[in-house]
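Observations on the three-dimensional arrangement
The residues making up each chain are set out below.
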Amino acid sequence: MNDLSAEFQDTGIGIFGGTFDPVHIGHLRTALELKYTLGLAEMRMIPSARPPHRAQPQTSADHRLTMLKRGLGDEPGMVADDRELRRERPSFTLDTLLEIRSEVGPDTPLCLCIGMDALGELNTWHRWEEFMGLTHLVVAARPGWHLPTSGKLVDFVHEHRVQDHTSWKNSPAGKLLIVEMTLLPISATGIRQARARGESIRYLVPDSVIEYINQNQLYNT
């Protein structure tokens with residue numbers, strides 16, 4: 001077992017992806033709360049370069065990574081991971097899971113964090129049925145959430161879901177956990193649109209990120 005695996009085997013690593021175009025308070029607060037709720041040693045926020053399931057980012061990889069690093073600041077255990085930006089192919093989650101698993105070894109718990117909307121579309125993701133051999137799946141859900149009611153996902157949830165928020169720590173992968181939390185109703189699309197209209201985006205985006213956006217004249221049109 002390598003040193004990195006030994007360091008994290010008791011508390012695990014969270015994986016939180018997105019385009020972060022730009023990163024905003026909703027992204028950051030959700031990731032931080034999941035880190036605390038689950039007792040993770042580290043939450044890795046991973047900007048996607050070319051996401052296959054959504055519109056392509058408006059700004060460059062360099063801008064988005066820099067904004068993410070500024071937004072995270074020096075918060076302990078919150079890490080900007082640029083691995084998907086360094087690839088020359090679409091950002092498949094499976095590739096990221098395989099890479100991280102190979103780096104940390106077979107015993108370190110991994111927690112892939114997604115939203116309930118993403119869970120409902122999980123069966124459209126590239127080789128999604130292989131995920132649970134590599135990671136736990138943590139679903140952040142708003143109060144009043146509903147699980148998928150039809151298709152392969154019903155059996156998938158029934159097979160993997162656990163109620164105990166700590167039971168996943170006993171294994172490196174394979175469990176699905178739903179964490180109910182009050183998610184901030186902020187969208188990067190809305191921020192870009194407000195910026196293009198010349199409106200203030202203060203209190204939606206960290207001040208350090210706003211400063212960078214202003215310096216580089218991002219999202220003006």
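Since this is a predicted model, take the numbers as computed values, not measurements. (Residues numbered from 1 in each chain as written. Predicted model: local features only at pLDDT ≥ 70, side-chain atom pairs only at ≥ 80, totals over all residues. Heavy atoms only, no water.)

Here we come to the sheet that holds strand S1 (residues 13-18). Here we have 6 strands laid out as an open sheet, ordered S3-S2-S1-S4-S5-S6, and parallel in their pairing. Whereas interior strands pair on both sides, the edge strands pair on one side only; in this sheet they are strand S3 (78-80) and strand S6 (176-180). The average angle at which neighbouring strand axes cross in this sheet is 25 degrees, direction not considered. Helix H2 (residues 25-38) contacts S1, strand S2 (42-47), S3, strand S4 (110-115), strand S5 (136-141) and S6 of the sheet and is inclined by roughly 150 degrees relative to S2. (Pairing = 2+ DSSP bridges. Helix = DSSP H or I, 4+ residues; strand = E, 2+ residues; numbered from the N terminus. Axes fitted to C-alpha atoms, helices over the stretch in contact; angles between N-to-C directions. Contact = heavy atoms within 4.5 Å.)

Looking now at the packing of aromatic side chains. A complete count under the given rule lists 3 aromatic pairs for this structure. Aromatic pair Phe16 and Phe20: ring centres 6.4 Å apart, planes at 15 degrees, arrangement stacked. With respect to burial, Phe16 and Phe20 carry one shared label: buried. For the ring pair Trp128 and Phe156, a centre distance of 5.2 Å and an interplane angle of 70 degrees mean the geometry is edge-to-face. Within this pair, whereas Trp128 is found in the loop between helix H5 (116-120) and S5, its partner Phe156 is found in helix H6 (residues 152-160), the two being separated by 28 residues in sequence. Residues Trp128 and Phe156 agree in their burial class; the two are buried. (Phe/Tyr/Trp six-rings, centres within 6.5 Å; stacked < 30°, edge-to-face > 60°. Buried < 20%, exposed > 50% of the residue type's maximum accessible area, 1.4 Å probe, protein only.)

With the rule as written, the count across this model stands at 15 salt bridges. The partner of Arg44 in a salt bridge is Glu42, and the shortest N-O contact between them spans 2.5 Å. By relative accessible area, which is 13% here, Glu42 ends up buried. The salt bridge involving Asp82 is made with Arg86; its shortest N-O contact spans 2.9 Å. A relative accessible area of 58% means that Arg86 is categorised as exposed. Connected via shared salt-bridge partners are Glu42, Arg44, Asp81, Arg83, Arg87, Glu99 and Glu103. (Salt bridge = Lys/Arg side-chain N within 4 Å of Asp/Glu carboxyl O.)

Another point: the nonpolar core. In this structure, Phe16, Leu34, Met43, Met45 and Met67 are the most contacted members of the largest nonpolar core, which totals 36 residues. At the level of elements, H2, S2, helix H3 (61-72), S4, S5, S6, helix H7 (188-196) and helix H8 (207-216) are the ones that each hand at least two residues to this core. Considering each element in turn, this core owes the most residues, 5 residues, to H2. Within the second largest apolar cluster, 27 residues are counted, among which are Ile100, Leu134, Leu153 and Leu176. (Core = buried A, V, L, I, M, F, W, Y, C linked by side-chain atoms within 4.5 Å.)

The next subject is H7. Listing the buried residues of H7 in full gives Ala188, Ile191, Ala194 and Arg195. Seen end-on, H7 carries its buried residues on one side only, within an arc spanning 120 degrees. Among the structural elements, H8 are those in contact with the buried residues of H7. Remark: Gly198 follows H7 within two positions and exhibits a positive phi of approximately 80 degrees. (Arc of directions from axis to C-beta.)

Turning our attention to the confidence of the model for the protein. Per-residue pLDDT for the protein averages 92, and the proportion of residues at 70 or more is 94%. Mean pLDDT in the protein bottoms out at helix H1 (residues 3-8), which sits at 45, and peaks at H8, which reaches 98. Across residues 1-10, confidence stays below pLDDT 50; counting only partners more than four residues off in sequence or on other chains, it has 20 contacts. (pLDDT = per-residue confidence, 0-100.)

In this chain, Asp21 is followed by Pro22 through a cis amide linkage whose omega measures 5 degrees. Positionally, Pro22 belongs in the loop between S1 and H2. Phi at Phe20 takes a positive value of approximately 55 degrees, unusual for a residue other than glycine. Its location among the elements puts Phe20 in the loop between S1 and H2. You can call Phe20 buried: its relative accessible area is 1%. One non-glycine residue with positive phi stands out, namely Tyr219, at about 60 degrees.

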